[in-house]
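# Per-entry structural report
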Amino acid sequence: FYKKSYAKRKGFNICKTLYSSQSNSVSSTTTQPLVRRSANYVPSLWSFDHIQSLPIKYKGNDYTSRRDSMMEAVKALIGNVRKPLTTLELIDDLQRLGIAYHFRYEISYLLEKIYHNFYHTHDKWNSMNLNLKALGFRLMRQHGYYVTEEIFCNFKDHIENLKPHLYEDMICMLNLYEASYHSFENESILDHVRDFTTIYLKDNFEYIPENLSSLVTHALELPLHWRVPRVEAIWYIEEYEKRNSMNPTMVELAKLDFNMVQAIHLEDLKHSSRWWRDICWEKKLSFARDRLVENLLWAVGINYLPHFSEERKTLLTVGALITTLDDVYDVYGTLDELYQFTDAINKWDINLVDELPDYMKICFHGFYNSMNHISYNALTQTGFFILPYLKKTWADLCNSYIVEVRWHHSGHTPTLEEYLENGYKSVGAPVILMHLSFLTSIGATEEILQGIEGAENIVRYSSLILRLADDLGTSSDEIARGDNPKSIQCYMHETGATEEEARKYIELLINKTWKKLNKARGGAKCRFLWEFSNGATNLARVAQFMYSNGDGYGRPDLIKSQVISLFFNPILAIE
Ligand SMILES: CC(C)=CCC/C(C)=C/COP(=O)(O)OP(=O)(O)O
Ligand SMILES: [Mg+2]
């Protein structure tokens, strides 16, 4: 597999150097100049000095006590709601405002009660209106309760009399639409619900009450289930505030909490940016993407909660390492170097990089030290020796990279299936998720290990969505710089489809994969799997966000305004 003769057999012009000690683009000992590729990635938009100079305001006891008193007021509000629909609407608002985590126990208690009173069996279905069914269905599935799609079996009978100009009727339509995205494969009633509501909302848009139009536009652009919670909170706080029925305390709490949590994210970033400066890759491996701030978006997207700060920093490190390795393999490394590097990773042997160019030694050492550091911290804090798991997942990643390198050098275009079987690994998500599985709040080793086994499908589907979304967003740039074929090209090559048809097909696959992920999440019965699957689902959501308008990761200007509002600008000055 790693035979050096491979490239020669294939007749490719690989590096014939004896590995000069320089990592320059032209080696002094080659018989011919070694021209390395460049992806011409733009430099980071955010310098070290700039990041370190950003002010952190929303920190300290004054803000904490103000937040505590508002939380008490909201708890009282939650305690006073009686009707199931009002209760579910309140829970939905708290979630979208990003503050539900403060009321976890209250919300769990209420959902449990409502589930058993209304959704558990058929008995109450006749007494429930369609809106209550739709909103409850979404929230129940989101929280791991199983509600059958049969609850919507005669949904068409109920919607015949709905009027597009009535607020209540269109909220019902919107809730039905959002519910349909929690479907599993082969749930045909939900497929009908989705098709019907999508067409209905689009066709009747001009008649919809004005105060609903932005909510409907937002939903049609992307369903709530596919949105990154933290990004959604920014949008929803503004939206909710405009509503006549809004609760001022909830608005104020959401804003203050957003700013206080943002301050924690900024501290995470400052810390990681010192790590990034110290590892020196920005200078020593300058061909690779420097995307620390955009990495924060992956990490915050996966879990934005304050208590996850240490873990987020680990994810930031992991994301930066994956990104650099990806560029070593995709862009800069020669075939021989990459085989040796992969061998060193598989054998976890630092001696095996002795002969490699400096850039690879630096890369390997930096990576190796980081893994030992992460493993050491886990060992001292939880008593669990995670290095064997980390070794395995990183070796799997590098082995998947080398498969792509081989395809690239041999000019092989795989079938879509062959490509994706490797591509869901080469996108790096299984590595992120392996690290994440050791970063949940579960302290019991046994529970984690059992959970990891049960999480296989969750990892697979979340990673696949990341791969497919990445390919949809990045393939134009990749083709232009001569990268190997990705999903779109593989499908075109295999079926003779046009690029447009191939893109449609990949979108369809994303849809299907979401349904599989929903099902796999639904089976997440233990605490570990539940917590883990939320992070894994968020990873898929960040991917769709990151690549929605092109390669937001490769071209960070595409997501610059969102980065600023997520991490640098407080929502508004609350004095
Ligand atoms: C989940 C995280 C944090 C991933 C890190 C970002 C990353 C390597 C994206 C893929 O880059 P790419 O578009 O160049 O990927 P590929 O070369 O595999 O297509
Ligand atoms: Mg790449």
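Residues numbered from 1 in each chain as written. Chains lettered and ligands numbered in written order. Predicted model: local features only at pLDDT ≥ 70, side-chain atom pairs only at ≥ 80, totals over all residues.

### Examining the site of ligand 1
Near ligand 1, the surroundings consist of 15 residues, among which Trp-298, Gly-319, Asp-326, Gly-428 and Thr-474 are the closest. Among the secondary structure elements, those contributing two or more residues to the shell around ligand 1 are α14 (292–302), α15 (309–332), α20 (429–437) and α22 (456–480). The greatest single-element share of the shell around ligand 1, amounting to five residues, is contributed by α15. (Near = placed C-beta within 6 Å. Helix = DSSP H or I, 4+ residues; strand = E, 2+ residues; numbered from the N terminus.)

### Re the UniProt feature "domain: Terpene synthase N-terminal" (unreviewed entry) in the chain
Look at the UniProt record and you will see "domain: Terpene synthase N-terminal" (unreviewed entry) annotated at residues 46–220. Annotated as residues 46–220, this span is 65% helix and 0% strand, and its ends, taken at the C-alpha atoms, are 33 Å apart. (UniProt positions renumbered as here; feature names shortened; annotations may be inferred.)

### Examining the nonpolar core
If you look at the biggest cluster of nonpolar residues, it comprises 154 residues, and the most contacted ones within it are Leu-296, Ile-465, Leu-539, Val-542 and Ala-543. Not counting residues within four places of it along the chain, the set of residues in contact with Leu-296 comprises His-265, Asp-268, Leu-269, Leu-316 and Phe-567. (Core = buried A, V, L, I, M, F, W, Y, C linked by C-beta atoms within 7 Å. Buried ≥ 20, exposed ≤ 12 C-beta atoms within 10 Å, placed from the backbone. Contact = placed C-beta atoms within 7 Å.)

### Quick word on helix α11 (residues 229–241)
The terminal C-alpha atoms of α11 lie 18 Å apart, and with 13 residues this matches the ideal 18 Å at 1.5 Å per residue to within 8%. Maximum bend of α11: about 30 degrees, positioned at Trp-235. When α11 is considered as a whole, its buried residues turn out to be Pro-229, Arg-230, Val-231, Glu-232, Ala-233, Tyr-236 and Ile-237. In this structure, the buried residues of α11 make contact with α4 (84–96), α12 (248–279), α14, α25 (527–546) and α26 (560–568). (Expected span 1.5 Å × (residues − 1). Bend = angle between axes of the 7 residues up to and from the residue.)

### Here's the deal with the environment of Lys-560
In this fold, Lys-560 is placed in helix α26. In the structure, Lys-560 is positioned 27 residues away from Ser-533 in sequence and 28 Å away in space, judged by C-alpha atoms.

### Quick notes on unusual backbone geometry
Note on backbone geometry: most residues besides glycine have negative phi, and most peptide bonds are trans. Even without being a glycine, Cys-280 presents a positive backbone phi close to 65 degrees. For Cys-280, the location among the structural elements is in the loop between α12 and α13 (281–284). The exposure class of Cys-280 is exposed, given the 11 C-beta atoms found within 10 Å. Of note in the backbone geometry, Trp-348 takes a positive phi value of approximately 50 degrees without being a glycine. Assignment of secondary structure puts Trp-348 in the loop between α16 (335–347) and α17 (358–382). Judged by the 16 C-beta atoms lying within 10 Å of it, Trp-348 is partly exposed.

### Re the UniProt feature "domain: Terpene synthase metal-binding" (unreviewed entry) in the chain
The positions that UniProt labels "domain: Terpene synthase metal-binding" (unreviewed entry) are, in the present scheme, residues 279–516. What you have in residues 279–516 is 77% helix and 0% strand, and the ends, taken at the C-alpha atoms, are 39 Å apart.

### Points about the packing of α20 against α22
Two elements in contact, α20 and α22, have axes whose closest approach is 9 Å; the angle formed by their N-to-C orientations is 135 degrees. Taken together, the axes of α20 and α22 lie oblique to each other. Pair α20 / α22 crosses with right-handed handedness. Mapping the contact onto sequence places Ala-429, Pro-430 and Leu-433 in α20 and Val-459, Ser-462, Ser-463 and Leu-466 in α22. (Axes fitted to C-alpha atoms, helices over the stretch in contact; angles between N-to-C directions. Parallel < 35°, antiparallel > 145°, perpendicular 65-115°, else oblique. Left-handed = near helix turned anticlockwise from the far one by under 90°.)

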